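The lines below spell out each chain.
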Amino acid sequence: MSYAIRPANEADVPQLAEIEKEAFPTTWPATPFKRELSNRTASFLVTYQLPGNRRPVSSVSHERPGEGSDITTRGWRGLWDRLFQRNAPASLTDNPADYVAGYVATWYMTDEAHITGIAVRESLRGNGLGELLLMASIELAMRHQSRVVTLEVRVSNHVAQSLYSKYGFSQVGSRKGYYSDNHEDAYIMTTDPIFSPAYSQQLTSLEETYKSRRGDVALGLG
Ligand SMILES: CC(C)(COP(=O)(O)OP(=O)(O)OC[C@H]1O[C@@H](n2cnc3c(N)ncnc32)[C@H](O)[C@@H]1OP(=O)(O)O)[C@@H](O)C(=O)NCCC(=O)NCCS
């Protein structure tokens, strides 16, 4: 099986709740996903199973500020399009029966894109889906003209920290007792400016590596 990215829709809400419950069992109250989906300053992407053995694609359909300008057609953003988006079949991306494997939620605040939640179904972890979701979220942050991408992560969550470090997030601070269930501290992890040449270069390299590693079939989980 292969996986793709698309914006979440209302039909996904039961699956989003299921994934959240599995990934964050102590989250209370549960995220009001239905309300979140209508939040104009946020984006909700899901990775979902494609029928058959199609290659992974992205069908992010959010409006691009400045579409057509150099900024959207140059560098790693153009690479993303070439690698993932060009072959996205619209007819496959709106099927409410899609099986959702994971999600990423991002809020856009002033010049920051703040990832508020990212999770993959436990049975599907370790197959590049978290990475695909994070890449898609960074791509959307660029389309929203965000300067940096930031998030909080439990100090004990080494798996997530490893994913974020891989994508250039570094620890810029911490929040004492941030998590209400066990009062665990959070690290604040933030990227360098995402339009900087160094970060763009890092993303290009990561995307190329992802493509050669997961490629057309490697993301298939069947
Ligand atoms: C964090 C999470 C989203 C990662 O998703 P995933 O699909 O399993 O991760 P991927 O397969 O895409 O792996 C990407 C990177 O994550 C890190 N990673 C993934 N699994 C790991 C593991 N078991 N041990 C250490 N690092 C790991 C690695 O850096 C990996 O890159 P690599 O393959 O080059 O080593 C997933 O583990 C999850 O849903 N966890 C529960 C929810 C959660 O903790 N969310 C984060 C809240 S801040």
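Predicted, not measured: the structure shown is a model, and the values here were computed from it. (Residues numbered from 1 in each chain as written. Predicted model: local features only at pLDDT ≥ 70, side-chain atom pairs only at ≥ 80, totals over all residues. Heavy atoms only, no water.)

## Brief notes about the site of the ligand
Now for step 1: Taken together, 22 residues lie around the ligand, and Val120, Gly130, Asn157, Ser162 and Lys166 are the ones closest in.
Now for step 2: Between the ligand and the protein, one listed contact pairs an oxygen atom with a backbone N or O atom of glycine 130 at 2.8 Å.
Now for step 3: Burial of the ligand by the protein chains amounts to 74% of its free accessible area of 930 Å².
Now for step 4: Structurally, the ligand is housed in the largest pocket.
Now for step 5: Going through the elements one at a time, strand E4 (112-120), helix H6 (129-143), strand E5 (148-154) and helix H7 (158-166) are the ones with two or more residues in the shell around the ligand.
Now for step 6: At six residues, H7 tops the list of elements feeding residues into the shell around the ligand.
Now for step 7: In terms of residue class, the shell around the ligand is made up of 11 nonpolar, six polar and five charged. (Near = heavy atom within 4 Å. Polar contact = N/O pair within 3.5 Å; in protein donor to acceptor, adjacent residues only side chain to side chain. Areas by Shrake-Rupley, 256 points an atom, 1.4 Å probe, with all protein chains shown as cover. 1 Å grid on protein atoms, 1.4 Å probe; cavity = no way out; pocket = protein on both sides within 12 Å on 5 of 7 lines; lining within 4 Å. Sits in = over half its atoms within 2 Å of the grid points. Helix = DSSP H or I, 4+ residues; strand = E, 2+ residues; numbered from the N terminus. Nonpolar A, V, L, I, M, F, W, Y, C, P; charged D, E, K, R; others polar.)

## Some details on the pairing of strand E3 (residues 100-109)
Now for step 1: Buried residues dominate E3, accounting for eight of its 10 residues.
Now for step 2: Bridging between strand E2 (residues 42-50) and E3 involves seven bridges; their strand directions are antiparallel. Residue pairing across strands places alanine 42 opposite tryptophan 107, the latter belonging to E3.
Now for step 3: Pairing of E3 with E4, which is carried by eight bridges, proceeds in the antiparallel orientation. Looking at E4, one finds that glycine 102 is bridged to valine 120. (Buried < 20%, exposed > 50% of the residue type's maximum accessible area, 1.4 Å probe, protein only. Pairing = 2+ DSSP bridges.)

## Section: the layout of surface pockets
Now for step 1: Within this model, the largest pocket holds a volume of roughly 1600 Å³.
Now for step 2: For the lining of the largest pocket, the secondary-structure elements that each account for two or more residues are helix H1 (13-23), helix H2 (33-37), E3, E4, H6, E5, H7 and helix H8 (197-218).
Now for step 3: The leading source of residues in the lining of the largest pocket is E4, at seven residues.
Now for step 4: Broken down by class, the residue content of the lining of the largest pocket amounts to 26 nonpolar, 14 polar and 10 charged. (Points joined across faces, edges and corners; volume = space filled by probe spheres on them.)

## What about the nonpolar core?
If you look at soluble globular proteins, the nonpolar side chains tend to sit buried side by side.
Now for step 1: Core analysis: the biggest nonpolar cluster contains 35 residues, and Ile115, Leu134, Ile138, Val149, Tyr164, Tyr167 and Phe169 have the highest contact counts within it.
Now for step 2: Secondary structure elements with two or more residues in this core: strand E1 (2-7), E3, E4, H6, E5, H7 and H8.
Now for step 3: The dominant element in this core, judged by the number of residues it contributes, is H6, at 10 residues.
Now for step 4: Not counting residues up to four positions away in its chain, the partners in contact with tyrosine 164 are Ile118, Leu134, Leu151, Val153, Phe169 and Met189. (Core = buried A, V, L, I, M, F, W, Y, C linked by side-chain atoms within 4.5 Å. Contact = heavy atoms within 4.5 Å.)

## A few points about the pattern of salt bridges
Now for step 1: The tally for this structure, following the rule as stated, stands at 11 salt bridges.
Now for step 2: One salt bridge connects aspartate 12 with arginine 6, and the closest N-O pair in it is separated by 2.8 Å. For the pair formed by aspartate 12 and arginine 6, the shared burial category is buried.
Now for step 3: Arginine 154 is the salt-bridge partner of aspartate 181, the closest N and O atoms lying 3.0 Å from each other. Residue aspartate 181 is located in the loop between strand E6 (170-175) and strand E7 (186-190), and its partner arginine 154 is located in strand E5; the two are separated by 27 residues in the primary sequence.
Now for step 4: Within the structure, one salt-bridge network assembled from shared partners comprises Arg6, Asp12 and Asp98. (Salt bridge = Lys/Arg side-chain N within 4 Å of Asp/Glu carboxyl O.)

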